[in-house]
Amino acid sequence: MREFSARLATAEEIADWDAHVLANPNGGNVLQSAAYAEVKSHHGWNPIYLVFTGPDYTSYNLAIEKKVPVLGSLWYLIKGPDAAAAEDVPAMARALGDFIKQTGRRVFALKVEPDVLDGEDVQKLFTGAGLVKTFNLQPNDSTALLDTTPDTEQILKNISSRARNAVRRAIREGADVRRVEPTEENMRAMYKLMSHIEDRSSARMRSYDYYRRFWSNFVAAGQGRFYFAFEDGEPSVGAFVIAYGKKGTYKDGGSKPRRKQYGDSHLVQWTALTELKEDFGIEEYDFCGTPPSSELKNKEHPHHGLGLFKTSFSKTVTDFAGCYDLVLDPLRYRIWNTIGERVTRQIYWRRHHQPFY
C-alpha cells in the first residue's frame, strides 16, 4: 500500500480552493467545494481544508468537524478523500489519523466517503485496513449517472424510450419550461415544490434558510441554476442544478402532484442537462440519488418512484462504497456508536428541525 502524508491547506490554497479540488484525480465533488464549506460553517460544522500528498499526486479535500460534548470531535470527509485508486483511501485515512495524533487534536473518529465503486473487493480492502462500515449518509451514494459526452442528439437516443417520448411530447405540446432567476420569490417557490415531495416520502427537509444559503452560494459562484416548469402561470416542477468542473448535479427538486402536462419533469431535466453541457461542457450528469441497485425494483422502498424517474434517463444504478469510519479512540468511538450518535441526532433535530449531517 502506498504512503501518503496529510496536512492543513495554506491560506493561499484555501483562497483558490475550487481550482485545487477540481484538479483532483476524479475531478472533484460539489460537496467538497468552497460554496458548500461556507454553508456548513453556518450549520454547526467547522470546515477543515486538507491536503494529501502521495508518490505521484496531491489531493485537496474538505473535512467538516462536529464537536461532541465530552467525546471530542468527529471529522467527516464528505465525498472524500478523492483518490486515484481504491487502494489509496485507507492510506489517506491513516495519514490523516497520524496527523491528528501528532498535532494533539481530540478527534475520536474519521468518517470517509470516497467516490469509489462498491463491490466485495473494495469492502474487503477497506475492512481489512481497519475501516469500519457504517450507514450511508448522502443520497447519491447510489445514483443514476448520465454520460453527457456524446452530442445532444445521441444523448437523447441513449436515454430510455419512455424518457425520450416524454421529452418529445412535452416539447410538442408546448410545455413551458425555462431557466429562472434566483430571486427570493423563485427560491420560496422552489422550497414549496420540494415540500410536496416530502409529503409523499419519508424525506426530512432542512430549513428554508439552509437551502437559501446553499442555493445563493452556488449561484454566486457561477455554478448553480434554477429551472421551472409552469402550469397555469404557476411553477409546477422545479430543479436546482449545479455545474462543478466537468460534472453536473441535479441537487434539489420538487413538483406539484396531479399536474396536467405530461413529460414536464422530464423536460425540466432535459433542458437543464443540455444547457449545462452547452455552457459548461459537463461530461457527466448526476441525478443525485436512487435506491441501491439491489433495491431498485422494490416498490416498498421510500424512493422507488424517484428511482424509476431517474433511471429513465440512465438505465443503470451506480453504487458507491459509502461511509466508513476510522476509529482513533476505541472507547469514545464505542460510546458514540452505541448511544452518542443516536442521542446527538435526536437532540439536534428537536432543536433545529433539520438533519444532523
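Keep in mind that this is a model prediction, so the values were computed, not measured.

**Q** Can you lay out the overall build of the protein for me, pointing to particular residues and giving the numbers?
**A** The helix and strand inventory of the protein stands at twelve helices and 15 strands. Projected onto its principal axes, the C-alpha coordinates of the protein cover approximately 65 × 45 × 45 Å. For the protein, the residues scored as buried account for 54% of the 357 residues in total. Surface accessibility of the protein: about 16200 Å² in total, with carbon and sulfur atoms responsible for 49%. Looking at charge distribution, the protein has the averaged site of its 47 positive side-chain charges lying 6 Å from that of its 46 negative ones.

**Q** For the packing of helix 3 (residues 34-41) against helix 9 (residues 208-220), give the residues involved together with the corresponding values.
**A** If you want to describe how two helices pack, look at the angle between their axes and the distance between the axes. For the pair helix 3 and helix 9, the least separation of the axes is 9 Å and the interaxial angle reads 155°. Compared by their axis directions, helix 3 and helix 9 come out roughly antiparallel. Crossing geometry of helix 3 relative to helix 9 is assigned as right-handed. Across the interface between the two elements, Ala35, Tyr36, Glu38, Val39 and Lys40 of helix 3 pack against Tyr210, Arg213, Phe214, Asn217 and Phe218 of helix 9. Split by residue class, the contact of helix 3 with helix 9 holds six nonpolar, one polar and three charged.

**Q** Break down the side chain of Glu113 for me, citing the residues and quoting the values.
**A** By secondary structure assignment, the location of Glu113 is in the loop between strand 5 (107-112) and helix 5 (120-128). Among buried charged residues, Glu113 stands out as having no salt bridge; its nearest opposite-charge side chain is Lys79, 5.4 Å away. Polar contacts involving the side chain of Glu113 include one to the main-chain amide nitrogen of Lys79, which spans 2.8 Å. When residues no more than four places from it in sequence are discounted, the contact partners of Glu113 are Tyr76, Leu77, Ile78, Lys79, Gly80, Leu137, Gln138, Asp141, Gly322 and Cys323.

**Q** Mind laying out the pairing of strand 2 (residues 46-53), listing which residues take part and the relevant values?
**A** Of all eight residues that make up strand 2, six are buried, and the element is covered over most of its length. Relative to strand 2, strand 1 (residues 5-8) runs antiparallel, the two being bridged by four bridges. Opposite Ser5, over in strand 2, you have Thr53 as the bridge partner. Pairing geometry for strand 2 and strand 3 (residues 58-68), over eight bridges, is antiparallel. The residue bridging Asn46 from the neighbouring strand is Glu65, located in strand 3. Two successive antiparallel strands, strand 2 and strand 3, enclose a turn made up of four residues.

**Q** With reference to specific residues and values, describe the nonpolar core.
**A** In this structure, Tyr36, Phe108, Phe214, Trp215, Phe218, Phe240 and Trp336 are the most contacted members of the largest nonpolar core, which totals 46 residues. Filtering out sequence-adjacent residues up to four positions away, Phe108 remains in contact with Val68, Leu71, Gly72, Ser73, Leu74, Val327, Leu328, Asp329, Arg332, Tyr333 and Trp336. Core analysis: the second largest hydrophobic core is formed by 30 residues, Ile100, Val112, Val122 and Ala321 among them.

**Q** Describe the environment of Tyr191, naming the residues involved and giving the relevant values.
**A** Inspection of the secondary structure puts Tyr191 in helix 8 (residues 184-199). Accessibility expressed as a relative area gives 22% for Tyr191, which makes it partly exposed. Residues Tyr191 and Gly238, spaced 47 residues apart in sequence, show a C-alpha to C-alpha distance of 9.0 Å. Among all residues touching Tyr191, those that are not within four sequence positions of it are Met205, Arg206, Ser207, Tyr208, Tyr211 and Trp215. Looking at Tyr191, its side chain comes within polar contact range of the main-chain oxygen of Arg206, at 2.7 Å.

**Q** Outline the sheet that holds strand 3, supporting the account with residue identities and numerical values.
**A** Read from one edge to the other, the open sheet built from seven strands follows the order 1-2-3-4-5-15-6, with strand pairing classed as mixed. Of all strands in the sheet, those with a lone pairing partner are strand 1 and strand 6 (132-133), marking the two edges. With five bridges joining them, strand 3 and strand 4 (residues 72-77) adopt antiparallel strand pairing. Paired with Ile64 across the two strands is Tyr76, which belongs to strand 4.

**Q** Hey, could you go over helix 10 (residues 264-280) for me, with residue numbers and the actual values?
**A** Along its 17 residues, helix 10 runs 24 Å from first to last C-alpha, staying within 8% of the 24 Å computed at 1.5 Å per residue. Helix 10 sits mainly inside the fold: 13 of its 17 residues count as buried. Of the residues flanking the end of helix 10, it is Gly281, one or two places downstream, whose phi is positive at about 70°.

**Q** Account for the packing of aromatic side chains, naming residues and giving values.
**A** Summed over all chains, the structure comprises 26 aromatic pairs. Ring centres of Trp17 and Tyr60 lie 6.0 Å apart, and the angle between their planes is 80°; on these two criteria the pair is classed as edge-to-face. Here Tyr60 lies in strand 3 and Trp17 lies in helix 2 (residues 17-22), a separation of 43 residues in the sequence. Residue classification places Tyr60 among the buried positions, given a relative accessible area of 11%. These aromatic residues form a ring-pair network of at least three members: Tyr36, Tyr191, Tyr208, Tyr210, Tyr211, Phe214, Trp215, Phe218, Phe226 and Phe240. The residue whose ring lies beneath Lys133 is Tyr324, and the NZ or CZ to ring-centre distance is 5.2 Å. Of note, Arg178 hangs over the ring of Phe230, and the distance from its end group to the ring centre comes to 4.0 Å.

What counts as what
Residues numbered from 1 in each chain as written. Predicted model: local features only at pLDDT ≥ 70, side-chain atom pairs only at ≥ 80, totals over all residues. Heavy atoms only, no water. Helix = DSSP H or I, 4+ residues; strand = E, 2+ residues; numbered from the N terminus. Buried < 20%, exposed > 50% of the residue type's maximum accessible area, 1.4 Å probe, protein only. Areas by Shrake-Rupley, 256 points an atom, 1.4 Å probe, with all protein chains shown as cover. Lys, Arg positive; Asp, Glu negative; His and termini not counted. Charge placed at Lys NZ, Arg CZ, Asp CG, Glu CD. Axes fitted to C-alpha atoms, helices over the stretch in contact; angles between N-to-C directions. Parallel < 35°, antiparallel > 145°, perpendicular 65-115°, else oblique. Left-handed = near helix turned anticlockwise from the far one by under 90°. Contact = heavy atoms within 4.5 Å. Nonpolar A, V, L, I, M, F, W, Y, C, P; charged D, E, K, R; others polar. Salt bridge = Lys/Arg side-chain N within 4 Å of Asp/Glu carboxyl O. Polar contact = N/O pair within 3.5 Å; in protein donor to acceptor, adjacent residues only side chain to side chain. Pairing = 2+ DSSP bridges. Core = buried A, V, L, I, M, F, W, Y, C linked by side-chain atoms within 4.5 Å. Expected span 1.5 Å × (residues − 1). Phe/Tyr/Trp six-rings, centres within 6.5 Å; stacked < 30°, edge-to-face > 60°. Lys NZ or Arg CZ within 6 Å of the ring centre and 35° of its normal.

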